[in-house]
Amino acid sequence: DAAAGQPAAAAAAPAALPKAAEPLTILFASESGNSEKLAGDVSKLARKQGFKPKVVDFADLDLATLPKAGKLVAIAATWGEGEPPARAVRAYGELMADAAPRLEGVEFAVLALGDTSYAEFCAIGKALDARFEALGAKRAAPRADLDLDFEKPAADWIKGTLKALAPAEVPADNVVAVDFRAGAEDEDGEVSREPVVVEVIDHVNLNSSRSDKETIHLALAFEDGAPAYEPGDSLEIFPENDPQLVDEILRATGLSGDEVLRKALLSERDITTLSASTVERFAKATGHAEAAAFVESGEVKAWIEGRHLIDLIERFPGELTAEHLNTVTRPLPPRAYSIASSRKEVGDEVHLTIAAVRYETHGRARSGVASVHVADRIKNGAKLRVRVKPNKHFRLPSDPTTDVIMVGPGTGVAPFRAFVQERRAIEAPGRSWLFFGDRHFTHDFLYQLEWQDALEDGSLAKIDVAFSRDQPEKIYVQDRIDQNAAELVAWLDGGAHFYVCGDAKNMAKDVRAAVVRAFESVKGLSAADAEAHVAGLERAKRYQQDVY
Ligand code: 2AM
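Residues numbered from 1 in each chain as written. Predicted model: local features only at pLDDT ≥ 70, side-chain atom pairs only at ≥ 80, totals over all residues. Heavy atoms only, no water.

Trainee: Which residues make up the overall build of the protein, and what values go with them?
Mentor: Of the regular secondary structure elements, the protein holds 21 helices and 21 strands. Against the globule reference of 24 Å for 548 residues, the protein gives a C-alpha radius of gyration of 25 Å, in line with a compact fold. The principal-axis extent of the C-alpha atoms belonging to the protein is close to 70 × 60 × 50 Å. Out of the 548 residues in the protein, the part that is buried amounts to 50%. Accessible surface for the protein amounts to roughly 24,500 Å². Of this, 51% is attributable to carbon and sulfur atoms. If you average the places of the 65 positive and of the 87 negative side-chain charges in the protein, the two averages end up 3 Å apart. (Helix = DSSP H or I, 4+ residues; strand = E, 2+ residues; numbered from the N terminus. Rg over C-alpha atoms; globule rule 2.2 N^0.38 Å. Buried < 20%, exposed > 50% of the residue type's maximum accessible area, 1.4 Å probe, protein only. Areas by Shrake-Rupley, 256 points an atom, 1.4 Å probe, with all protein chains shown as cover. Lys, Arg positive; Asp, Glu negative; His and termini not counted. Charge placed at Lys NZ, Arg CZ, Asp CG, Glu CD.)

Here it is as structure tokens:
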């Protein structure tokens, strides 16, 4: 915290700090917490360098204050198909609108986070960078567009950018060196970011064998006690690739005898994701003439849709070295899953609910790297490398008497199992209401018996279920919200907190629209007033989302 950090920083460079610390606004737009974490990193380093940093969440941004920001660092994640993080949507929209204030006198730099496995890589960061300039602000340092392995390049960017933003009168040797590696700093009492090895002690398919889905309940045991995770946090799994795919790539490249390479491809490199930049790196590294022509053709973006690295290798066959593969691929990123347990109920374990992702595109069977690793190649007794990813934007109310409404279709139900466990353990007097949905009652009712127990012991007051494919017409969780509008509004008016977890693209938006509709129909509000009411709940952190 700032009060504890200040004396240490002052001690490190006593007389050298400029007299009046230079104000620095650090604005972040975060969905899963990475941008927020980096904003904190910027703040810590900036403070040590004599700035007076202020971290502002886009969710809380009052646009009228921006022209007075002076120096501004913006860190923005891009979500799904080029969208801003949900909590940033309002302020982002205002900033892009004609009425946005001019920003002459502001000096800015933008750090963009994204994922090259999605089409619009870093779109939001790019748009912000252009928008600040269009509004008259001055770019102090170039933007960086970072993929999932952002930690090292982000640390470099932060150092360089703070140097560029530093007032001229501060001599460069005032800059205090700070160790930025993950886990190096935990003066905030943060959970360690070092991965640990856990043992799989339970591995069950929650769907019936006749389901078209396969959802694995995974229980993991920490040897030295579970890290201090909270309900709402996620757990990152460091997966391994499909060994068959590794062999296929090795065969296609004529490298099948190389055991060292095989190991690297199995657990270190992302050998599925195919982005436009993968194709460019491939063409450049291999010098493949046809691949180079393909990059120039402008057809790459459409072609990579639904395709993976193996498709590229097969389309442009030829000698490919281990070094080529290393240049062309990115490091294999961990995958985050919402934690489905409370330590108060499971002790030194952590539970996850993971749906196996399998599909076919362009005549080839594809699978989600981590989910199918867990479903097919992990069994009881196996070891996994994992790391807690805290999410302070998805938290039970601090007051246990507060009611909660939870909407979690499919694997979106995971964090609500943690919520119910937690509230049972602390004997929270507040009521809990769960909306669950999946395809079929008989095959896909995840944790059905546990919900029944929870209804009996009172840790769940009410459950409403929507089985979408048990009847000719689709029934979704938002239909259940419509049918329960009056009671839902009564709970919310009584102070209840509302939570949504699961699919970001459609479900979370449809559910939000249903809540807006509920306020319209029950209270006779106009659409605009009902919308403003829900936006107010979001700002008050009483409407929270964990979506993917
Ligand atoms: P479907 O697969 O029959 O379309 C969990 O995946 C459940 O969420 C399934 O029952 C799925 O139904 C449903 N679902 C799909 N799209 C949805 C949406 N836009 N809103 C709510 N639920 C949805």
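Moving on from the model shown.
Trainee: How would you sum up the pattern of salt bridges? Please name residues and give values.
Mentor: With the rule as written, the count across this model stands at 42 salt bridges. Between R139 and E133 there is a salt bridge, with its nearest N and O atoms 3.0 Å apart. Given a relative accessible area of 30%, R139 falls into the partly exposed group. Of the charged contacts, one joins D247 and R262 as a salt bridge, the two residues approaching to 2.9 Å between their closest N and O atoms. Taken together, the residues span a long stretch of sequence, with D247 in helix 6 (residues 243–253) and R262 in helix 7 (residues 259–267) at a distance of 15 residues. The exposure class of R262 is buried, given its relative accessible area of 18%. Because the salt bridges share partners, they merge into one network encompassing D129, E133, R139, R143 and D145. (Salt bridge = Lys/Arg side-chain N within 4 Å of Asp/Glu carboxyl O.)

Trainee: So what's going on with the site of the ligand? Residues and values would help.
Mentor: Taken together, the neighbourhood of the ligand is formed by 14 residues, with D438, S468, R469, Y476 and D510 sitting nearest. In the environment of the ligand, a nitrogen atom lies 2.9 Å from a nitrogen or oxygen atom belonging to the side chain of D510. Its free accessible area being 480 Å², the ligand has 81% of it covered by the protein chains. For the shell around the ligand, the secondary-structure elements that each account for two or more residues are strand 18 (432–438) and helix 20 (507–523). Its residues assigned to classes, the shell around the ligand shows three nonpolar, five polar and six charged. (Near = heavy atom within 4 Å. Polar contact = N/O pair within 3.5 Å; in protein donor to acceptor, adjacent residues only side chain to side chain. Nonpolar A, V, L, I, M, F, W, Y, C, P; charged D, E, K, R; others polar.)

Trainee: Describe unusual backbone geometry, naming the residues involved and giving the relevant values.
Mentor: Positive phi outside glycine occurs at H362, with the angle close to 45 degrees. As for its placement among the helices and strands, H362 is situated in the loop between strand 14 (358–361) and strand 15 (364–367). Of note, the phi angle at K541 is positive, near 60 degrees, even though the residue is not glycine. Considering the arrangement of structural elements, one finds K541 in the loop between helix 21 (527–539) and strand 21 (543–547).

Trainee: Tell me what's going on with the environment of G125, and back it up with residues and numbers.
Mentor: Relative to the assigned elements, G125 resides in helix 4 (residues 123–134). Considering only alpha carbons, one finds G125 and A535, 410 residues apart in sequence, at a separation of 23 Å.

Trainee: Could you give me a rundown of the sheet that holds strand 20 (residues 497–502), with the residues and numbers involved?
Mentor: In sheet architecture, strand pairing relies on hydrogen bonds along the backbone and comes in two forms, parallel and antiparallel. In space, the five strands of this open sheet follow the order 19-18-17-20-21, with parallel pairing throughout. Of all strands in the sheet, those bounded by a partner on one side alone are strand 19 (462–467) and strand 21. Taken pair by pair, the neighbouring strands of this sheet meet at an average axis angle of 10 degrees, ignoring direction. With six bridges joining them, strand 18 and strand 19 adopt parallel strand pairing. Directly across from G437, in strand 19, lies its bridge partner A466. (Pairing = 2+ DSSP bridges. Axes fitted to C-alpha atoms, helices over the stretch in contact; angles between N-to-C directions.)

Trainee: Would you mind going over the sheet that holds strand 16 (residues 383–389) in detail, with residue names and values included?
Mentor: One open sheet holds the six strands; their spatial order is 12-9-16-7-8-13, and the pairing between them is antiparallel. Either end of the sheet is taken by a strand with one partner, and the two such strands are strand 12 (335–338) and strand 13 (349–355). Direction aside, neighbouring strands of the sheet carry axes that sit 40 degrees apart on average. Looking at chain direction, strand 9 (residues 234–238) and strand 16 are connected through five bridges and run antiparallel.

Trainee: Please set out the environment of E81 residue by residue, giving values where relevant.
Mentor: Relative to the helices and strands, E81 resides in the loop between strand 3 (71–77) and helix 3 (89–96). Judged by its relative accessible area of 43%, E81 is partly exposed. Taking the C-alpha atoms as reference, E81 lies 29 Å from D529; in sequence the two are 448 residues apart. Setting aside residues up to four positions removed in sequence, E81 forms contacts with Y118, A119 and E120. (Contact = heavy atoms within 4.5 Å.)

Trainee: Give me the lowdown on the packing of helix 2 (residues 34–48) against helix 5 (residues 151–165), citing residues and values where you can.
Mentor: Working note: a packed helix pair is described by the angle between its axes plus the distance between those axes. Closest axis-to-axis distance for the helix 2/helix 5 pair is 10 Å, and the angle between their directions is 40 degrees. In terms of orientation, helix 2 and helix 5 fall into the oblique class. Taken as a pair, helix 2 and helix 5 cross one another with a handedness that is right-handed. On helix 5, the residues that touch L38, D41, V42, L45 and A46 of helix 2 are A154, I158, K159 and L162. The residue makeup of the contact of helix 2 with helix 5, split by class, is seven nonpolar, no polar and two charged. (Parallel < 35°, antiparallel > 145°, perpendicular 65-115°, else oblique. Left-handed = near helix turned anticlockwise from the far one by under 90°.)

Trainee: Residues and numbers for the packing of helix 20 against helix 21, please.
Mentor: The contact between helix 20 and helix 21 brings their axes to 8 Å, and the two run at 120 degrees. Classified by the angle their axes make, helix 20 and helix 21 are oblique. In this structure, helix 20 meets helix 21 at a crossing whose hand is right-handed. Residue-level contacts link R512, V515, V516, F519 and E520 of helix 20 to A527, A530, E531, H533, V534, A535, L537 and E538 of helix 21. Residues that form the contact of helix 20 with helix 21 fall into these classes: eight nonpolar, one polar and four charged.

Trainee: Give a description of the environment of N484 that names residues and reports values.
Mentor: Here N484 shows up in the loop between helix 18 (477–483) and helix 19 (485–493). Note on N484: relative accessible area 13%, which makes it buried. A polar contact of 3.5 Å, which involves the side chain of N484, links it to the side chain of K462.

Trainee: Break down the pairing of strand 9 for me, with residues and values.
Mentor: Of all five residues making up strand 9, five are buried, and the element is well covered by its neighbours. The two faces of strand 9 match: S234, E236 and F238 on one face and L235 and I237 on the other face are all buried. Pairing of strand 9 with strand 12 involves four bridges; the strand directions are antiparallel. Of the residues in strand 12, the one forming a bridge with S234 is S338.

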